[in-house]
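What the coordinates show
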Amino acid sequence: MGVPTGRVDTIVLIHGLWMTSRSWENWADRYAARGFRVLTPAWPGMDREVEELRADPTPIAGQRIADITDHYARVIRDLPRPPIIMGHSIGGLITQLLLDRKLGAAGVAVHSAPVRGVLRLPLSTLRSGFSILHSPANRHRAVPFTAEDFRYAFGNTMSQQESDAAWERYAVPGAGRVLFEMAFANLNPESAAEIDKKRDQRAPLLLTAGGADHVMPPSVISANASLYRGSTAITGYRCNPGRSHFALGEPGWEEEADFALEWAVEAANEFSPTVVSQAPGRRRPSPNHR
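Residues numbered from 1 in each chain as written. Predicted model: local features only at pLDDT ≥ 70, side-chain atom pairs only at ≥ 80, totals over all residues. Heavy atoms only, no water.

**Brief notes about the overall build of the protein**
For clarity, the cut-off: For the purposes of this entry, the term helix denotes a DSSP run of H or I that reaches at least four residues, the term strand denotes a run of E that reaches at least two, and both are numbered from the N terminus. Restricting the calculation to C-alpha atoms gives the radius of gyration, and the globule rule supplies 2.2 Å times the number of residues raised to the power 0.38. The buried label goes to any residue with under 20% of its type's maximum accessible area, the exposed label to any with over 50%, and the partly exposed label to all in between, with areas taken from a 1.4 Å probe on protein chains only. Contacts: residue pairs with any heavy atoms within 4.5 Å of one another. The protein chains shown are the only cover counted for residues, whose accessible areas, like all others here, come from Shrake-Rupley with a 1.4 Å probe. When charges are counted, Lys and Arg are positive and Asp and Glu negative, with His and the chain ends excluded. Taken as the charge centre is NZ of Lys, CZ of Arg, CG of Asp or CD of Glu, depending on the residue.
In terms of regular secondary structure, the protein is built from 13 helices and eight strands. The C-alpha radius of gyration of the protein comes to 18 Å, within 12% of the 19 Å expected for a compact globule of 290 residues. C-alpha extents for the protein along the principal axes are approximately 50 × 45 × 35 Å. Going through the 290 residues of the protein one by one, you find that 56% of them count as buried. Across the protein, every contact between residues at least 6 apart in sequence was considered, and the portion connecting residues at least 24 apart equals 78%. With the model as given, the accessible surface of the protein reaches about 11800 Å², and the carbon-plus-sulfur share is 51%. In the protein, 32 side chains carry a positive charge and 31 a negative one; their mean positions are 7 Å apart.

Written out as structure tokens, the structure is:
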């Protein structure tokens with residue numbers, strides 16, 4: 001794939017829970033080498049190194065889904081043109097919330113946390129978040145993510161050595177409030193994870209899953225994609241066999257990164273927000289649209 005064309009030249013990458021913007025370093029470098037302007041803003045207050053946040057996780061403890069979404073909305077509105085928005089895990093949920101606000105030229109939710117309305121809750125998902133969810137007191141805390149936690153949730157397709165190295169480089173404590181907000185979204189009619197699932201006038205969205213993902217298994221991502229069936233906006237779904245939740249750094253990440261970019265650029269250039277808003281009756285292609 002070549003350099004940016006036409007309407008899209010900027011990519012905004014949104015990190016997820018237990019991570020910082022550093023988690024995007026591979027994808028960001030790859031996209032920048034292709035001529036894109038790549039922005040990796042951190043969650044509010046988390047624009048610090050991994051080591052600093054481990055030593056003092058105070059900025060993590062106060063995070064909330066609504067505040068994170070508002071933060072990225074401001075970043076995107078300040079750009080001269082709508083960017084491609086990509087988010088991983090909770091960042092994928094934020095991506096969907098931003099597109100629901102009619103922001104962005106296209107969005108890719110990478111192994112995404114679901115919006116409100118997805119009822120599936122696999123045991124592996126519960127186990128991945130157990131370090132936080134086992135105690136209501138953790139709602140207001142930043143909870144450490146141990147090497148063992150990381151191995152199960154992110155590093156299950158890697159060797160122990162590879163997983164431990166990734167944990168050392170990328171992992172930070174998890175924001176308890178954010179995970180509780182997500183876990184109980186379906187019980188809260190005013191949840192910050194709610195969107196208009198029938199909205200026609202939004203940018204194209206691709207949801208990707210990993211066949212070996214313990215945190216967000218394909219059943220969760222597929223159920224999330226299915227919520228958009230009542231919309232004529234472009235919604236794609238792709239499952240990557242054998243891939244874990246650590247889509248941003250596990251061996252072979254390049255293939256998923258390239259597909260995400262190619263899909264987003266094609267969709268953004270062909271189905272820009274302007275075009276979509278002028279043609280609300282446009283037929284939605286199949287879930288594997290590229």
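Okay, back to it.
**What about the pairing of strand S7 (residues 205-210)?**
Short version of the rule: One requirement defines pairing of two strands: DSSP has to find at least two bridges between them. The definition of a right-handed crossover adopted here requires that, viewed with the strands pointing away, the path from the first strand over the helix to the second runs clockwise.
Along S7, six of the six residues are buried, which leaves the element largely enclosed by surrounding structure. Burial along S7 is two-sided: the face carrying Leu205, Leu207 and Ala209 and the face carrying Leu206, Thr208 and Gly210 are both buried. Of the strand pairs in this sheet, strand S4 (residues 106-110) and S7 are connected by four bridges, and their pairing is parallel. The residue of S7 that forms the bridge with Val108 is Leu206. Of the strand pairs in this sheet, S7 and strand S8 (residues 235-240) are connected by six bridges, and their pairing is parallel. Within S8, the position partnered with Thr208 by the bridge is Arg238. As a crossover connection, the stretch from S7 through helix H11 (residues 218-226) into S8 is right-handed.

**Side note on the UniProt feature "domain: AB hydrolase-1" (unreviewed entry) in the protein**
Here is the rule: UniProt positions are given in the numbering used here, feature names are shortened, and annotations may be inferred rather than shown by experiment.
Those residues carrying the UniProt feature "domain: AB hydrolase-1" (unreviewed entry) are residues 11-249 in this numbering. As annotated, residues 11-249 has a helix share of 36% and a strand share of 14%, and its two end C-alpha atoms lie 18 Å apart.

**A few points about the sheet that holds S7**
This is how it is decided: Note on geometry: axes are lines fitted to C-alpha atoms, helical ones only across the stretch in contact, with angles between N-to-C directions running from 0 to 180 degrees.
Across the sheet, six strands lie side by side as S2-S1-S3-S4-S7-S8; this open sheet has parallel pairing. Unpaired on one side and paired on the other, strand S2 (37-39) and S8 mark the two borders of the sheet. The mean inter-strand angle of the sheet, taken between neighbouring strand axes irrespective of direction, is 15°.

**Some words on helix H10 (residues 176-183)**
Listed in full, the buried residues belonging to H10 are Gly176, Val178, Leu179, Phe180 and Met182. Those residues of H10 that are buried lie in contact with helix H4 (65-77), helix H5 (90-100), helix H7 (130-133) and strand S6 (174-175).

**Describing unusual backbone geometry**
A positive phi angle, near 70°, is found at Trp18, a position not held by glycine. Structurally, Trp18 is set in the loop between strand S1 (10-14) and helix H1 (25-32). On the basis of relative accessibility, which here comes to 4%, the residue Trp18 falls in the buried class. The phi angle at His111 is positive, at roughly 50°, despite the residue not being glycine. Mapped onto the elements of the fold, His111 is located in the loop between S4 and helix H6 (123-128). Classification of His111 as buried rests on a relative accessible area of 0%.

**Considering the packing of H4 against H5**
Just so we agree on the cut-off: By the definition adopted for this analysis, an angle is roughly parallel if under 35 degrees, roughly antiparallel if over 145, roughly perpendicular if from 65 to 115, and oblique otherwise. Helix crossings are classified by the rotation of the near helix relative to the far one: an anticlockwise turn of less than a right angle makes the crossing left-handed, while a clockwise turn makes it right-handed. Under this grouping Gly is polar, as are all residues other than the nonpolar Ala, Val, Leu, Ile, Met, Phe, Trp, Tyr, Cys and Pro and the charged Asp, Glu, Lys and Arg.
Between H4 and H5, the shortest axis-to-axis distance is 10 Å and the interhelical angle comes to 60°. Judged by the angle between their axes, H4 and H5 are oblique. Crossing hand, H4 versus H5: right-handed. Every residue of H5 that contacts H4 at Ile65, Ile68, Thr69, Tyr72, Ala73 and Ile76 is listed here: Leu93, Ile94, Leu97 and Leu98. Of the residues contributing to the contact of H4 with H5, the split by class is nine nonpolar, one polar and no charged.

**Details of the environment of Asp200**
Our working definition: Distance and chemistry together define a polar contact, namely a pair of N or O atoms within 3.5 Å, with one atom able to donate a hydrogen and the other to accept it when in protein, and with adjacent residues in sequence counting only for side-chain atoms on both sides.
Within the secondary structure, Asp200 sits in the loop between H10 and S7. The exposure class of Asp200 is partly exposed, given its relative accessible area of 25%. With 137 residues separating them in the primary sequence, Asp200 and Gln63 have C-alpha atoms 30 Å apart. Within polar-contact distance, the side chain of Asp200 engages the backbone nitrogen of Thr232 at 2.8 Å.

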